[in-house]
Amino acid sequence: MPSQPVTAYLDHAATTPLRPEARAAMAPWLGERFGNPSGAHGVARAARQAIDEARDTIAGLLGCAPNEVVFTGGGTEADNLAVLGTHAARPGTVLASAVEHHAVLEPVELVGGSTVPVDGRGVVDLSALSAALKAHGDVTLVTVMTANNEVGAVQPVAEMARLAHKHGAAVHTDAVQAAVWLDIGTVSASADLVAVSSHKFGGPQGVGVLVARKGTPLHPRQVGGGQERELRSGTHNVAGIVGMAAALAAKAAAREEEAARVGALRDRLAKGLLSEIPDAVETAAPDGDRSHLLPGTLHLTIPGVESEALLFLLDEAGICASAASACASGAQEASHVLAAMGTPLAATAGALRLTLGWTSTDAEVDRVLDVLPAVVARLRGAR
Amino acid sequence: MRVIVAMSGGVDSSVAAARLIEAGHDVVGVTMKLWGGESDTGCCSVSDVDDARRVAQQLGIVHHVWTFTDDFQQHVVDPYVDAHRVGHTPNPCIECNRHLKFDRMLARARAVGYDAVATGHHARIVSQPDGTRRLARGADAAKDQSYVLYMLGQEQLAHTLLPVGDLTKDEVRAEADRLGLRTASKPDSQDVCFITSSAGRAGFLGRRLDFHPARVVDTQGTEVGRVEAVELVTVGQRRGLGLPGGGDSRYAVAVDVPSRTVTVGPPDLLEVSEVGLRSMVWPAGVVAGPVKAQCSAHGTPREAVVVLDPTDSTRARLVFETPTRRVATGQSVVLYTHDNTQVLAGGIAT
């Protein structure tokens, strides 16, 4: 049988629908307008102007200077450039939080870095970071995400930056999830490097930004034509960049209203599910305090069920959700985030991530409240 | 019926899915991810998952990946390594069928509301007059896989479909070709899925257990050669024993890991008149008396008589009508009806 029609999309942290403002801004560049911004003629100049204007918009919204914006092919590439590029420019120990996205953890592992633990709410342990900085002595980069992609925990970036800078280390923050909900110009202001990804906030896929503040030692990972101040060679994705800027602007204008509206939807969803599903735990807020969480994220651990079976039945009901991060084959893998938070292994088997976004509605929340408790009861009954 | 078809990315399971759809069933494809390490093929590599997904797309069915890597490690890989550690000869495909496809996967399929699991195995399920079911050999004698499915009990047989069991391999490929499936000419998978051809069995095991050099002695106990790894020697093996060339052929007739000794001798020393069996399963009920016994995946069935253990139904003794090549410890032995068409029981050689 073919896929069921979608009745509720609860996987906005994976990707979110394109905002109409982004589509409108991109349309000419997918139609009559074109050009390689690096050329020396009218067509090229027009394309160059489009990405320069996008750069200004993005710089303003991310709280940096236009020449500190490095356009990349997405969040993963921005994270790789930050970690590998800083390490190449200034070798030393790299410290990362244990709950970083694989886009950070894998390059950190490549350069032999270490991880810093988090507490049961998914927040980095500042005293452990302080101890690690002292223990290693040669730390050149500390990389901690602004907010976690699985459980939504916002990290104390400013405090960590203060500690890291005191030890002479640069600071990178993966703000890919945080950029959807927080004012990155403020919360990530103390970081020297900031990665964001367009499609998480309603821009097109395949384009992102690394903010690299002036004076941060950074070598390129991709060389060639020398675009982006020689930090990221390759012809610009003009339509993508223009769409990303428009999406970021639209997001910024609607941010406070969306955060309040979606946060209320998330709270209603959480309340309903926690009361209807016996023994379900809100993973990063076991005591019900969500003040450290992104407004769009609800992460549950549901004892007595397996995530894959849960996702299968939700999918049959047209509900799109996720468990941990998915690997290349589409298989679900055990979450390093939950492991780092000390979530019991038995509970991680029933991990479920529901993430809301700018298009989320009351009807979608109602649909999940209708379906999910029944699905859990059915799977528990089948054991 | 609502059916989960286990799609490995090969041609047999692709055609199995297609036939189920044609028969009007509600079909969902699932590929098991069992192994996170290196693999040439099997159910584990990204490219096989890709093939399964692309076939599912072509057939217009939903496709999921289910991860059972922990169970696979626990029930298939670890026992495989442990068996070699003591000089036994395991069959990991059988353990995978026993613990993964027809246990974990079937249980999940049932839990999510499906009636049956289907696979692309070449075997058939036939109903008996008394309402029970039996596993029968596939239509293609050369491709028959009933040997690796002997553990299917009545409950599993009732919830299993084998849609290509009545086709020959050529017919399966022709069907895939007719449907334009991308897997139509994909080669059959070979050997153990978690062992790559580049690393081989020795490379795989060498990273997981310590090899010990051993003396190779003749039946008088005189040293005639040496091997680097006693754990890699299988009873019945002729090559790789460090023996000088010429003379009569000599085979490994005994492997004793604790004393690091391999005994070699003429082939008639490998002849035995019986074999003990453990972990017996009796899907057709406990049977004694004359049967056909198949002692390896492609072995010739032998005339034999089952002798039950009066106190323990998980054990039995198999007496061969004429002396036959010794069955390596750890190998599965499958008992068929006397006409060699249906599975009666099976167990593991002690």
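Reading the values: the criteria
Residues numbered from 1 in each chain as written. Chains lettered and ligands numbered in written order. Predicted model: local features only at pLDDT ≥ 70, side-chain atom pairs only at ≥ 80, totals over all residues. Helix = DSSP H or I, 4+ residues; strand = E, 2+ residues; numbered from the N terminus. Rg over C-alpha atoms; globule rule 2.2 N^0.38 Å. Buried ≥ 20, exposed ≤ 12 C-beta atoms within 10 Å, placed from the backbone. Contact = placed C-beta atoms within 7 Å. Pairing = 2+ DSSP bridges. Core = buried A, V, L, I, M, F, W, Y, C linked by C-beta atoms within 7 Å. Domains from an automatic or database assignment. Nonpolar A, V, L, I, M, F, W, Y, C, P; charged D, E, K, R; others polar. Bend = angle between axes of the 7 residues up to and from the residue.

> Quick question: what am I supposed to make of the overall build of chain B here?
Helices and strands together make up the secondary structure of chain B, namely seven helices and 17 strands. Whereas a compact globule of 350 residues would reach a radius of gyration of roughly 20 Å, chain B reaches 21 Å, a difference of no more than 12%. Referenced to the eigenvectors of the C-alpha coordinate spread, the extents of chain B come out at roughly 65 × 45 × 35 Å. Looking at chain B as a whole, 45% of its 350 residues qualify as buried. Intrachain contacts of chain B at a sequence separation of at least 6 include 62% that bridge at least 24 residues.

> I tried to follow the overall build of chain A on my own but got confused; where do I start?
In terms of regular secondary structure, chain A is built from 13 helices and twelve strands. Expected size for 383 residues packed as a compact globule is a radius of gyration near 21 Å; at 21 Å, chain A falls within 12% of this value. Across its three principal axes, chain A shows a C-alpha extent of roughly 70 × 55 × 35 Å. Per-residue burial over chain A gives 54% buried out of 383 residues. Counting contacts in chain A only where the partners sit at least 6 residues apart, residues at least 24 apart contribute 71% of the total.

> Help me understand the sheet that holds strand β7 (residues 160-161) of chain B in this model?
Think of a sheet as strands paired side by side through backbone hydrogen bonds, with each pair either parallel or antiparallel. Residue and element names in this part refer to chain B. Strands sit in the order β3-β2-β1-β4-β7 across an open sheet of five strands; the sheet is parallel. Both outer strands of the open sheet, β3 (63-67) and β7, are each paired with one neighbouring strand and no more. Looking at chain direction, strand β4 (residues 116-118) and β7 are connected through two bridges and run parallel. The residue bridging valine 117 from the neighbouring strand is threonine 160, located in β7.

> Whenever I open this one, unusual backbone geometry confuses me. Can you help?
Most peptide bonds take the trans configuration, and most residues that are not glycine carry a negative phi. All names here are of chain A. With phi around 55 degrees, glutamate 228 is a residue other than glycine that occupies positive phi space. With a phi close to 70 degrees, aspartate 279 is a non-glycine residue in the positive phi region. On the secondary structure map, aspartate 279 appears in the loop between α9 (238-276) and β9 (281-282).

> How should I be thinking about the nonpolar core in this particular structure?
Nonpolar side chains in soluble globular proteins tend to end up buried together. With 219 residues, the main nonpolar core has A:Met160, A:Leu210, A:Val242, B:Val5 and B:Ala17 as its most contacted residues. Examining the composition of this core, we find that 14 residues originate from one element, α9(A), more than from any other. For A:Met160, the residues in contact, after removing those within four places along its chain, are A:Val124, A:Leu126, A:Leu129, A:Val142, A:Val144 and A:Val171.

> How do you make sense of the pairing of strand β13 (residues 289-294) of chain B when you look at a structure like this?
Consecutive side chains of a regular strand alternate in pointing toward one face of the sheet and then the other. All names here are of chain B. As paired elements, β13 and strand β14 (residues 302-308) share five bridges and run antiparallel to each other. Note on β14: the bridge partner recorded for valine 291 is alanine 304. In terms of strand pairing, β13 meets strand β16 (residues 332-336) through three bridges, oriented antiparallel. Bridge pairing in β16 links glutamine 294 to valine 334.

> I would appreciate a short explanation of the domain arrangement of chain B in the present structure.
How big an interface is tends to be expressed through the accessible area that disappears when the partners come together. Residue and element names in this part refer to chain B. Per the domain assignment, the segments of chain B are domain 1 (2-178), domain 2 (210-265) and domain 3 (270-349). Put simply, the middle of domain 2 and the middle of domain 3, counted by C-alpha atoms, are 27 Å apart. With five residues of domain 2 at the interface, the matching set in domain 3 holds four residues. Residues that form the side of domain 2 that touches domain 3 fall into these classes: three nonpolar, two polar and no charged.

> How do you make sense of helix α4 (residues 92-111) of chain B when you look at a structure like this?
Because each turn of an α-helix spans 3.6 residues, side chains separated by three or four positions in sequence point in the same direction. At B:Met105, α4(B) shows its maximal bend, which comes to roughly 25 degrees. B:Gly113, located one to two residues past α4(B), shows a positive phi value of around 90 degrees.

> Before we go on, may I ask you to explain the environment of B:Met151 in this structure?
Residue and element names in this part refer to chain B. Here methionine 151 shows up in the loop between β6 (133-137) and α5 (154-157). With 131 residues separating them in the primary sequence, methionine 151 and tryptophan 282 have C-alpha atoms 8.0 Å apart. Ignoring any residue separated from it by four or fewer positions in sequence, one finds methionine 151 in contact with Ile94, Asn97, Arg98, Val281 and Gly346.

> Explain the domain arrangement of chain A to me, please; I cannot follow it from the model alone.
Residue and element names in this part refer to chain A. The assigned domain composition of chain A is domain 1 (8-16 + 255-381) and domain 2 (20-250). Using C-alpha coordinates to define each centre, domain 1 is positioned 27 Å away from domain 2. Listed per partner, the contact involves 23 residues of domain 1 and 24 residues of domain 2. Per-class residue counts for the side of domain 1 that touches domain 2 are twelve nonpolar, ten polar and one charged.

> Can you help me understand the pairing of strand β5 (residues 139-143) of chain A in this one?
Residue and element names in this part refer to chain A. Where burial is concerned, most of β5 is hidden: five out of the five residues are buried. As judged from the four bridges shared by strand β3 (residues 93-97) and β5, these two strands associate in the parallel manner. Residue pairing across strands places leucine 95 opposite valine 142, the latter belonging to β5. Two elements, β5 and strand β6 (residues 170-174), share three bridges in a ladder whose sense is parallel.

> Would you take a moment to explain the environment of B:His338 for this structure?
Residues and elements named next belong to chain B. Note on placement: histidine 338 falls in the loop between β16 and β17 (343-349). What makes histidine 338 partly exposed here is the crowd of 13 C-beta atoms within 10 Å. On a C-alpha basis, the gap between histidine 338 and aspartate 48 in space is 39 Å, while along the polypeptide they are 290 residues apart. Ignoring any residue separated from it by four or fewer positions in sequence, one finds histidine 338 in contact with Pro290, Val291 and Lys292.

> Just to check I follow, could you spell out the sheet that holds strand β12 (residues 351-355) of chain A for this structure?
Residues and elements named next belong to chain A. In spatial order, the strands read β9-β10-β12; together these three strands make up an open sheet with antiparallel pairing. Sheet topology places β9 and β12 at the edges, where each strand pairs with a single neighbour. In this structure, strand β10 (residues 297-301) lies alongside β12, joined through five bridges in antiparallel fashion. Bridge pairing links threonine 301 to alanine 351 in β12.

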